[in-house]
Amino acid sequence: ITDTFLAIVRRSVAHLIKEGQPGSMALGAGPAAALVEDLILFLEQKDTYTGLNHSKGVANVSMRLGEALLASGEAVEHGPIEPEKGWGNFVNRDMLRLAGMLHDVGKLRIPWSLLNKPARLTPAERIVLQSHSPEGEQILLRLGLGDVGRLVVEHHETPTGSGYPWGVKDSSLMGACIAVADVFEAATTIKRAWRQPKKKEEIVREVADLAGVQFDARVARAL
């Protein structure tokens, strides 16, 4: 079912990508926005915790972080990606919003029972769950959104290289925005069987304490 759905989306999304800007998509109130929302709704049917509301929240927080970085001069506004350089310290508002919406799309490839397990994951199960990052990149590559996939795959990396899936230290600034937005949104809104949501002030302090270790220091300041 997942493969069939993605095949349909792939054919549809080809008509929504701006010519000359691979991976770019206008997300107003038109068909592009509806298509992305349908994709996230499909994910929500598998994962009740990180479906549409979480995805929208991460997209919104990511955008606000990017805007704060632009306002502070710690980021430079940028258009289409330069393949040989990647995204670096540039911020593209449309791309950041789209990647925030689709950051967990790789969970379409994760078993439903694992995504919705009411108890803590075992180490082996956690390894399977962590595969959602590269799976998300591969899904977006198939949809013709490889540039977005390059951001999505980074949202669990860290400045020290202790993250996953690749353990790199030089993630893009936009990837770092999504990483912080994901943690902030999940910690403050998602109720799990073993923990309650945290107050915003609490998670802001935690992110600040881990600046330069778990999170990009510039994005921690922006939060």
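This text goes with the structure placed above it.
The notes below deal with the structure included here. Note that the structure is a prediction, hence the values are computed from the model and not measured.

## As for the packing of helix 4 (residues 93-101) against helix 9 (residues 173-189)
The contact between helix 4 and helix 9 brings their axes to 10 Å, and the two run at 40°. With respect to each other, helix 4 and helix 9 are oriented oblique. Seen along the crossing, helix 4 lies across helix 9 with a hand that is right-handed. Residue-level inspection shows Leu96, Ala99 and Gly100 of helix 4 in contact with helix 9, the latter providing Met174, Cys177 and Ile178. Classifying every residue of the contact of helix 4 with helix 9 by side-chain character gives five nonpolar, one polar and no charged.

## Digging into the pattern of salt bridges
For the coordinates displayed, the defined rule picks out six salt bridges. In this structure, glutamate 74 engages arginine 221 in a salt bridge whose closest nitrogen and oxygen atoms are separated by 2.6 Å. Of this pair, glutamate 74 sits in the loop between helix 3 (52-72) and strand 1 (76-77) while arginine 221 is found in helix 11 (residues 217-222), placing the two residues 147 residues apart along the sequence. When its relative accessible area of 55% is taken as the criterion, arginine 221 is described as exposed.

## Quick notes on the layout of surface pockets
If you roll a probe as big as a water molecule over the atoms, it shows you where there is empty space left. The space that makes up the second largest pocket amounts to roughly 250 Å³. What lines the second largest pocket is simply Val61, Arg64, Leu65, Ala68, Phe184, Glu185, Thr188, Thr189, Lys200, Val204, Ala222 and Leu223. Of all the secondary structure elements, the ones that give two or more residues to the lining of the second largest pocket are helix 3, helix 9 and helix 10 (200-209). Here the residues of the lining of the second largest pocket sort into seven nonpolar, two polar and three charged.

Analysis parameters
- Residues numbered from 1 in each chain as written.
- Predicted model: local features only at pLDDT ≥ 70, side-chain atom pairs only at ≥ 80, totals over all residues.
- Heavy atoms only, no water.
- Axes fitted to C-alpha atoms, helices over the stretch in contact; angles between N-to-C directions.
- Helix = DSSP H or I, 4+ residues; strand = E, 2+ residues; numbered from the N terminus.
- Parallel < 35°, antiparallel > 145°, perpendicular 65-115°, else oblique.
- Left-handed = near helix turned anticlockwise from the far one by under 90°.
- Contact = heavy atoms within 4.5 Å.
- Nonpolar A, V, L, I, M, F, W, Y, C, P; charged D, E, K, R; others polar.
- Salt bridge = Lys/Arg side-chain N within 4 Å of Asp/Glu carboxyl O.
- Buried < 20%, exposed > 50% of the residue type's maximum accessible area, 1.4 Å probe, protein only.
- 1 Å grid on protein atoms, 1.4 Å probe; cavity = no way out; pocket = protein on both sides within 12 Å on 5 of 7 lines; lining within 4 Å.
- Points joined across faces, edges and corners; volume = space filled by probe spheres on them.

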